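# Structural overview
Spelled out, the chains give:
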Amino acid sequence: MDGRIARTLVHKTSEDAVLIGRPRRLQGHRWEFDAELPRNASAQDSGGIPTLLGVELMRQAAIAYAHLQGGVPLDWALLMNELSFGWLREVPGNPGSPLAGRIAVSTLAVQQRNGLVSGLELEACFLSGNALLGAGRGRLSCLSRTAYRAIRRNAPAVDRTSEASPHSGLSEVRRQGDELHAALAWSWDDPLVFDHFSDHLPGILLAHGMLDAHRMLTGFDAGQMDITCENFGEFNAPAEVLAFRSTADETRILISQLGRTLATGACRGSRSIYPVQPLLTLDSPGA
């Protein structure tokens, strides 16, 4: 993709981790960004684009939108509270070539505190050519550096050797019928999850674990997911994943740590066309 957006606008360290490009302000509160998603051969039934990458695309577009449209300072924390993303149709396949398109983002609601934007509710859609491929919707909360430090003042120090795994997702998986128990796993070398430092378990990691649980229970990748983050997760204690198959193509998931709920969610589908209720959300303990 020519002209990736500035890394600071999507809170990324590596330019290779940036999925969106040239921003364009359209009418009203609507912005559009170029987008390019790399293909992954292991995600064969989605044209090589895993749902997790669609989630990350929505996350980056929401963060850039908050800075450009909302005027949120670049050093503020933007945190996920809820997020939903879904594919609306099959992704066109073209092995070896990234999926190019554009993502449009607009405001549903704005919250302000002391004259500054403190939260945004957004909706977004991803298009390639004239085809609408995916959609999301959600909320984004915005915290000043001072406010974030106050919230996290008692957080334990991050030990990058603690609980490290060869991969991100799940480990110690135990399945009994339509129920699954596992530990949340993370690898510090995972560029999608840990492109930049986080002092808490990132929301994209929690989404990763949920999507893995759905695939292990159903045998196929989810085409749609919803996640709600309730508390910050820490790196110094195990996080547990409990999932159960609620219908033939839906899995409900709970992620907890030391008796506290970190996140709840649902994954659905097997890469067919969905009547998705978009929900792209970034708002509190995920990031």
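So, here is what we can say about the structure in this document.

So, how was this worked out
- Residues numbered from 1 in each chain as written.
- Predicted model: local features only at pLDDT ≥ 70, side-chain atom pairs only at ≥ 80, totals over all residues.
- Heavy atoms only, no water.
- Pairing = 2+ DSSP bridges.
- Helix = DSSP H or I, 4+ residues; strand = E, 2+ residues; numbered from the N terminus.
- 1 Å grid on protein atoms, 1.4 Å probe; cavity = no way out; pocket = protein on both sides within 12 Å on 5 of 7 lines; lining within 4 Å.
- Points joined across faces, edges and corners; volume = space filled by probe spheres on them.
- Nonpolar A, V, L, I, M, F, W, Y, C, P; charged D, E, K, R; others polar.
- Salt bridge = Lys/Arg side-chain N within 4 Å of Asp/Glu carboxyl O.
- Buried < 20%, exposed > 50% of the residue type's maximum accessible area, 1.4 Å probe, protein only.
- Contact = heavy atoms within 4.5 Å.
- Expected span 1.5 Å × (residues − 1).

## A short note on the pairing of strand β1 (residues 20-25)
Moving residue by residue along a regular strand, the side chains alternate between the two faces of the sheet. Examined bridge by bridge, β1 and strand β2 (residues 30-37) share four bridges and lie antiparallel to one another. Pairing of Arg24 across the sheet is with Glu32, part of β2. Counting the residues that bridge the hairpin from β1 to β2 gives four residues, and of these Gly28 lies at a positive phi of roughly 60 degrees.

## Quick word on the layout of surface pockets
Approximately 610 Å³ is the volume found for the second largest pocket. Forming the boundary of the second largest pocket are 24 residues, of which His11, Trp76, Ala77, Tyr148 and Phe197 lie nearest the centre. Of all elements in the fold, only β3 (77-87) and α2 (145-151) reach the threshold of two or more residues within the lining of the second largest pocket. Of the residues assigned to the lining of the second largest pocket, the class counts are 12 nonpolar, five polar and seven charged.

## Considering the pattern of salt bridges
Pairing between side chains becomes possible if they bear opposite charge and their charged atoms approach one another. Within this structure, the stated rule accounts for 17 salt bridges. A salt bridge links Arg59 to Glu56, with the nearest nitrogen and oxygen atoms 2.8 Å apart. Residue Arg59 and its partner Glu56 are located together in helix α1 (residues 51-68), separated by three residues, close to a single helical turn. Both residues of the pair, Arg59 and Glu56, belong to the buried class. We note a salt bridge from Arg268 to Asp226, for which the minimum N-O separation is 2.7 Å. Residue Arg268 is located in strand β12 (residues 260-268), and its partner Asp226 is located in strand β9 (residues 224-229); the two are separated by 42 residues in the primary sequence. Residues joined by salt bridges that share partners form a network here, namely Arg22, Arg24, Glu32, Asp34 and Arg102.

## Focus: the side chain of Ser128
As for its position among the elements, Ser128 is in strand β5 (residues 116-128). A relative accessible area of 17% places Ser128 in the buried class. The contacts of Ser128, once residues within four sequence positions are left out, are Leu99, Ala100, Gly101 and Leu133.

## Digging into helix α3 (residues 203-218)
Owing to its 3.6 residues per turn, the α-helix brings residues three or four apart onto one side. When the terminal C-alpha atoms of α3 are compared, their 23 Å separation across 16 residues agrees well with the 22 Å that a helix rising 1.5 Å per residue should span. Positive phi appears at Gly219, one or two residues downstream of α3, with a value of about 90 degrees.

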